[in-house]
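Here is what each chain is made of, one letter per residue.
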Amino acid sequence: MLHLEAASSSPGNPWLNIGIFGAFVAITMVIVFRASRNNKTAADYYAAGRSFTGGQNGSAIAGDYLSAASFLGIVGAIAMNGYDGFLYSIGFLVAWLVALLLVAELLRNTGKFTMGDVLSFRLRQRPVRIAAAVTTLAVSFFYLLAQMAGAGGLVSLLLGIGDGVGQAVVITVVGGLMILYVLVGGMKGTTWVQIIKAVMLITGAGVMTVWVLAMNGFDFSALLDRAVEVAENPAILDPGLKYGVSELSKIDFLSLGLALVLGTAALPHVLMRFYTVPTAKEARKSVVWAIWLIGIFYVFTLVLGYGAAALVGPSVIAAAPGGPNSAAPLLAFALGGPLLLGLISAVAFATILAVVAGLTITAAASFAHDIYASVVKKGEPEPGAEVKVARRTVVIIGIVAIIGGIGANGQNIAFLVALAFAVAASANLPTIVYSLFWKRFTTKGALWSMYGGLISAIVLIAFSPVVSGSATSMLKTEAIDFAWFPLSNPGIISIPLAFFLGWLGTVLDKGTEDPAKQSEMEVRSLTGPGAEKATHH
Amino acid sequence: MGNDALSAEVDLSHVDYHAVQKSPEFQELRRTHRSFVFPVLAACLVWYLAYVLLAVYAVEFMSTRVFGSINVAMLIGLAQVVTTFAVTMWYVRFANKHFDPQAERIRDEIESGVFFDKADEGVAN
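Throughout, a residue's number is its position along its own chain's written sequence, starting from 1. The order in which chains are written sets their letters, starting at A; the order in which ligands are written sets their numbers, starting at 1. It should be noted that, the model being predicted, local features are given only for residues of pLDDT at least 70 and side-chain atom pairs only at 80 or more, the latter also being counted only at that level, while totals for whole chains, interfaces and linings use all residues.

In this text, helices come from DSSP runs of H or I with a minimum length of four residues, and strands from runs of E with a minimum of two, each type numbered from the N-terminal end. For chain B, the count of helices and strands is four helices and two strands. Reading the helices (α) and strands (β) of chain B from amino to carboxyl end gives α-α-α-β-β-α. Buried positions account for 30% of the 125 residues belonging to chain B. Buried residues are those with 20 or more other C-beta atoms within 10 Å of their own C-beta, exposed residues have 12 or fewer, and partly exposed residues lie in between; C-beta atoms are placed from the backbone.

Now the structure itself:
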């Protein structure tokens, strides 16, 4: 059993942790530098010259998708709340079927760099592109907050930095590194970081899973018995420990489940990965690879979560710096001592870094391509100007993420990510689906759906128990309470509302869109003529 | 503007996409695509929703122990993973066998100029 001396001390060796993490940064930096030599055009910078294979891109998608929320968040949630934490894993995985069946290939065939390319294909360019850039920035911001919050928690555990100022410094360092990766490497460098990270994360989680099972004679049932014994609560094996307490919490859980399963196919940074491959067929292969890798990883989380409950114990985890988010690193320490803790923490850091880099390049591409090049410069930016704007945007987003991360430090990560999923599913999914499959869909429908979905999701979050009304809310006090919306995830209201608004706006729109564009989009989405191929240097 | 997106090696600015869309081959592809994708996805989402509802409203059933301490909830959860893998493989096989050849044929016709403007008469095929 593990004993933590004081809440601010690290169970491992801080210098060992820093050393392993430093080695990771050094190795990946070299790779990023080498990969980025050919970054010349916008297609190179945003879409890695469309030169990745399905397998490489699939690993990168897994690297982009398996964020700190999946590793630290879900393992912590299972260790603390038992089975209810595993429901996150299932939702995050099944969601990929929406991406595979409805979105991936059609999107690859119709777009170039961003979600805005597809959404504005047959609608009015200006307003739709602006809306798509706004929702992209909003979703990326929520997702970034979650990752940076994870970085803060991890740091407090690893380096024994308990005070706010020290953690803020480390969040700044992580943010600075991320800016460097994206500035230097563009999409190609970012993709390589994600591939390396995916391999490290899945291998690390796999080794820990086998280790935990081996300690229990490869008897999963015996592991569960031990977890129950240590937690002193047999209910951790059953659903309902967290979400079964009241009618309201049950509805809250349905809302979460809906947001998880519908959010993935609307996450701008996931959608953008489909453009880094040369054809729709490779996009399909990427998703298949990603589903296998992600699915296997989520099965690991079940063992790791109960493993952390059995070998570390919920009460020790709750008392540790970083709280539930530290369950996975603490399990690594219980298994393999300071060395495994250092390795697994480096993996967790790499996870955060890679996801943050992916989000940043997506947000920057959306601003530079959809707003600057297409709206401000009316589609005719000077050569090289678009990439220059994208690079500047990277720096600004990086700074915003650092500030936001310092603010969100200490929040539950899996939960924050679920909010990003809810915003994505509300603001983006209806418009993506309608514009691909509904002939009559119009600009008004798109704008109503995107802004309606975005605003309703954010307003409902702002007035939910997440933000105010309790000591565990973001405002951290019971004194301020404007939480009139009872659910902590807005999906069950905002997603259907956004679908409804898209329909209503279209039906009320007196104008119609160019039918020739609709024909072109439908034909291209299914057959992909002249889709931009890989660039060669 | 913005959708100069797909200008590539072949100049496709003269393609009459409306004619392609109306062609029987394309209608066939569209039908094949939709009649696979929509029902399969709907079934998967219903299956997932059933799982979520069971986890929330049928806790006792989900808590039934099956092997040792392994309960129904864990088995259904793993079944979700298995069905996700199975549907993925099924889709890939179906797409390789049915979508790709049809799409490729239409793409070749488009890129070789069969559907260029004013060629509507030749489209019937």
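This part is about the overall build of chain A. Looking only at helices and strands, chain A has 20 helices and zero strands in total. Our radius of gyration looks at C-alpha atoms and nothing else; its globule reference is 2.2 Å times the residue count to the power 0.38. On C-alpha atoms alone, chain A measures out to a radius of gyration of 22 Å, which is about the 24 Å that the 2.2 N^0.38 rule sets for 537 residues. Its C-alpha atoms put chain A at 70 × 55 × 45 Å along the principal axes. For chain A, the residues scored as buried account for 67% of the 537 residues in total. Counting contacts in chain A only where the partners sit at least 6 residues apart, residues at least 24 apart contribute 82% of the total. What counts as a contact here is a pair of residues whose C-beta atoms, placed from the backbone, lie within 7 Å.

Turning our eyes to something else, we now look at the interface of chain A and chain B. Chain A puts 57 residues into the contact, and the matching count from chain B is 53 residues. Elements with a contribution of two residues or more to the side of chain A that touches chain B: helix 5 (83-110), helix 7 (125-158), helix 9 (220-231), helix 10 (247-263), helix 12 (280-311) and helix 20 (515-527) of chain A. If you tally residues by element for the side of chain A that touches chain B, the top one is helix 5 of chain A, at eleven residues. Polarity classes work like this: nonpolar for Ala, Val, Leu, Ile, Met, Phe, Trp, Tyr, Cys and Pro, charged for Asp, Glu, Lys and Arg, and polar for all others, with Gly in that last group. Residue composition of the side of chain A that touches chain B, grouped by class: 29 nonpolar, 14 polar and 14 charged.

Glancing now at helix 2 (residues 24-57) of chain B. Working rule for helices: expected span equals 1.5 Å times residues minus one. Along its 34 residues, helix 2 of chain B runs 48 Å from first to last C-alpha, staying within 8% of the 50 Å computed at 1.5 Å per residue. When we look at burial in helix 2 of chain B, the residues that qualify are B:Phe26, B:Leu29, B:His33, B:Tyr48, B:Tyr51, B:Val52, B:Ala55 and B:Val56. Packed against the buried residues of helix 2 of chain B are helix 5, helix 10 and helix 20 of chain A together with helix 1 (17-22), helix 3 (59-62) and helix 4 (72-111) of chain B.

Residue and element names in this part refer to chain A. One nonpolar core equals one set of buried Ala, Val, Leu, Ile, Met, Phe, Trp, Tyr and Cys residues connected by C-beta atoms within 7 Å. The biggest cluster of nonpolar side chains holds 241 residues, and the ones touching the most others in it are Ile294, Ala308, Ala328, Leu331, Ala420 and Val423. It is helix 14 (residues 327-376) that provides the largest number of residues to this core, a total of 33 residues. In contact with Leu331, other than residues within four places in its own chain, are Met208, Leu304, Gly307, Ala308, Leu311 and Val312.

Let us look at the confidence of the model for chain B. For residues with low pLDDT, the predicted coordinates do not support detailed interpretation. Residues and elements named next belong to chain B. Looking at chain B, the pLDDT average stands at 84 and 85% of residues meet or exceed 70. Looking at any residue, its pLDDT shows the predictor's confidence there, from 0 to 100. Throughout residues 1-8 the model reports pLDDT below 50, and contacts reaching past four residues in sequence, or to other chains, amount to 24 contacts. In this model residues 119-125 is a low-confidence stretch, pLDDT under 50, and it forms nine contacts with partners more than four residues away in sequence or in other chains. The complex model carries a pTM of 0.89, and its ipTM stands at 0.89.

This part takes up the packing of helix 4 (residues 68-81) of chain A against helix 7 of chain A. All names here are of chain A. Helix axes are fitted to C-alpha atoms over the stretch in contact, other axes to C-alpha atoms as well, and angles between N-to-C directions run from 0 to 180 degrees. Closest axis-to-axis distance for the helix 4/helix 7 pair is 10 Å, and the angle between their directions is 55°. Here helix 7 runs oblique to helix 4, going by the angle between their axes. Crossing of helix 4 against helix 7: the hand is left-handed. Here Ala68, Ala69 and Leu72 of helix 4 lie close against helix 7, whose contacting residues are Ala146, Gln147, Gly150 and Leu154. In the contact of helix 4 with helix 7, the residues fall into five nonpolar, two polar and no charged. Here the word oblique covers every angle except those under 35 degrees (roughly parallel), over 145 (roughly antiparallel) and from 65 to 115 (roughly perpendicular). A clockwise turn of the near helix away from the far one marks a right-handed crossing, whereas an anticlockwise turn of less than a right angle marks a left-handed crossing.

What follows deals with the packing of helix 7 of chain A against helix 14 of chain A. What describes two packed helices is the angle between their axes and the distance between those same axes. Residues and elements named next belong to chain A. Direction vectors running N to C along helix 7 and helix 14 enclose 160°, while the axes themselves pass 9 Å from each other. By the angle between their axes, helix 7 is roughly antiparallel relative to helix 14. When the axes of helix 7 and helix 14 are compared, the crossing they make is left-handed. The residue makeup of the contact of helix 7 with helix 14, split by class, is 21 nonpolar, nine polar and three charged.

All names here are of chain A. If you check helix 7, its first and last C-alpha atoms are 48 Å apart, about what 34 residues at 1.5 Å a residue would give, namely 50 Å. The buried fraction of helix 7 is high, at 28 of 34 residues. Trailing helix 7 by a residue or two, Gly160 shows a phi angle of about 65°, which is positive.

Residue and element names in this part refer to chain A. One can find Ser449 in helix 18 (residues 443-462). With 80 residues separating them along the chain, Ser449 and His369 place their C-alpha atoms 22 Å apart. Residues contacting Ser449, with those up to four places away along its chain left out, are Pro430, Thr431, Ala498, Leu501, Gly502 and Gly505.

Let us now look at the confidence of the model for chain A. Residue and element names in this part refer to chain A. The predicted model of chain A has a mean per-residue pLDDT of 86, with 95% of residues at 70 or higher. Confidence, expressed as mean pLDDT per element, reaches its minimum in chain A at helix 2 (residues 42-47) with 79 and its maximum at helix 19 (residues 491-508) with 96. Every residue in residues 1-8 scores below 50 in pLDDT, and together they form 17 contacts with partners more than four places removed in sequence or on other chains.

Residue and element names in this part refer to chain A. Mapped onto the fold, Ser525 is located in helix 20. With 28 residues separating them in the primary sequence, Ser525 and Leu497 have C-alpha atoms 27 Å apart. Apart from the residues within four sequence positions on either side, Ser525 is in contact with Leu106, Asn109, Thr110 and Leu436.

Turning to the environment of A:Trp211, a few remarks are in order. Tracing the backbone shows A:Trp211 in helix 8 (residues 164-215). Taking the C-alpha atoms as reference, A:Trp211 lies 47 Å from A:Gly528; in sequence the two are 317 residues apart.

Here we take up unusual backbone geometry. All names here are of chain A. We note that Phe218 has phi near 55°; this positive angle belongs to a residue other than glycine. With respect to the secondary-structure elements, Phe218 resides in the loop between helix 8 and helix 9. One non-glycine residue, Glu232, lies in positive phi territory at about 55°. Along the chain, Glu232 falls in the loop between helix 9 and helix 10. The class for Glu232 is exposed, based on 10 C-beta atoms found within 10 Å.

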